[in-house]
Amino acid sequence: VDKIKWKSFNDGLKTNKKKIIFFTFNGCIDCAIMQKVSMQHDTIARYLNQHFTMIYFDVLTTDTIFFNGIQYINEKKEHPFHQLAVALTNAQINLPTLIFLNEQNQLLSAVPGFFPTLILEMLLHFFNEEAYQKMNWQDYTKQFKSNIPK
């Protein structure tokens, strides 16, 4: 049972919370492990559902997507990736990728890679608490106190 309350792209953008778009595709092993292990940890799942709107996005989709007034499609020309994935990652697609948006659907950051539970927890707090406005990631990781029971 998936503990994350996933929303479709269009429904997810309508909320007034920060958003995370989870860029993935069906054959991505690291994506599946992150979704089924790191994100399913009780502490992580609770934090995600409380503070973020979670949007699941298959980077190979052929759906037409409208985002911030721009239409994005999947041309299936030089590569199989949807234009939205290319745009939000600055053409640096590495899956999985977490796309962090603020409450107004403005891009905060695209963070590629697989994250184990403890690193994912830090990353979520870093963006939710807007710590990125005050300090860099390295300094944040030195002072972060985990809520995950040992």
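Model, not experiment: these values are computed from the prediction. (Residues numbered from 1 in each chain as written. Predicted model: local features only at pLDDT ≥ 70, side-chain atom pairs only at ≥ 80, totals over all residues. Heavy atoms only, no water.)

**Topic: the packing of aromatic side chains**
- Under the definition given, this model contains 16 aromatic pairs.
- Each ring, one from Trp6 and one from Tyr56, has its centre 5.5 Å from the other, and the planes form 85°; the classification is edge-to-face. Here Trp6 is found in strand β1 (residues 6-7), whereas its partner Tyr56 is found in strand β3 (residues 52-58), with 50 residues between them in sequence.
- A relative accessible area of 23% places Trp6 in the partly exposed class.
- Arranged with centres 6.2 Å apart and planes meeting at 65°, the rings of Phe126 and Tyr132 form a pair that is edge-to-face.
- The class for Phe126 is buried, based on a relative accessible area of 7%. (Phe/Tyr/Trp six-rings, centres within 6.5 Å; stacked < 30°, edge-to-face > 60°. Helix = DSSP H or I, 4+ residues; strand = E, 2+ residues; numbered from the N terminus. Buried < 20%, exposed > 50% of the residue type's maximum accessible area, 1.4 Å probe, protein only.)

**Side note on unusual backbone geometry**
- With an omega of -5°, the peptide bond running from Leu95 to Pro96 counts as cis.
- On the secondary structure map, Pro96 appears in the loop between α4 (83-88) and β6 (97-101).
- For Lys76, which is not glycine, the phi dihedral falls at a positive 55°.
- Structurally, Lys76 is set in the loop between β5 (70-72) and α4.
- Residue Lys76 is classed as partly exposed on the basis of its relative accessible area of 45%.
- Despite not being glycine, Glu130 shows a phi value in the positive range, around 55°.
- Inspection of the secondary structure assignment puts Glu130 in the loop between α5 (117-128) and α6 (137-143).
- Of the residues examined, Glu130 reaches a relative accessible area of 26% and is grouped as partly exposed.

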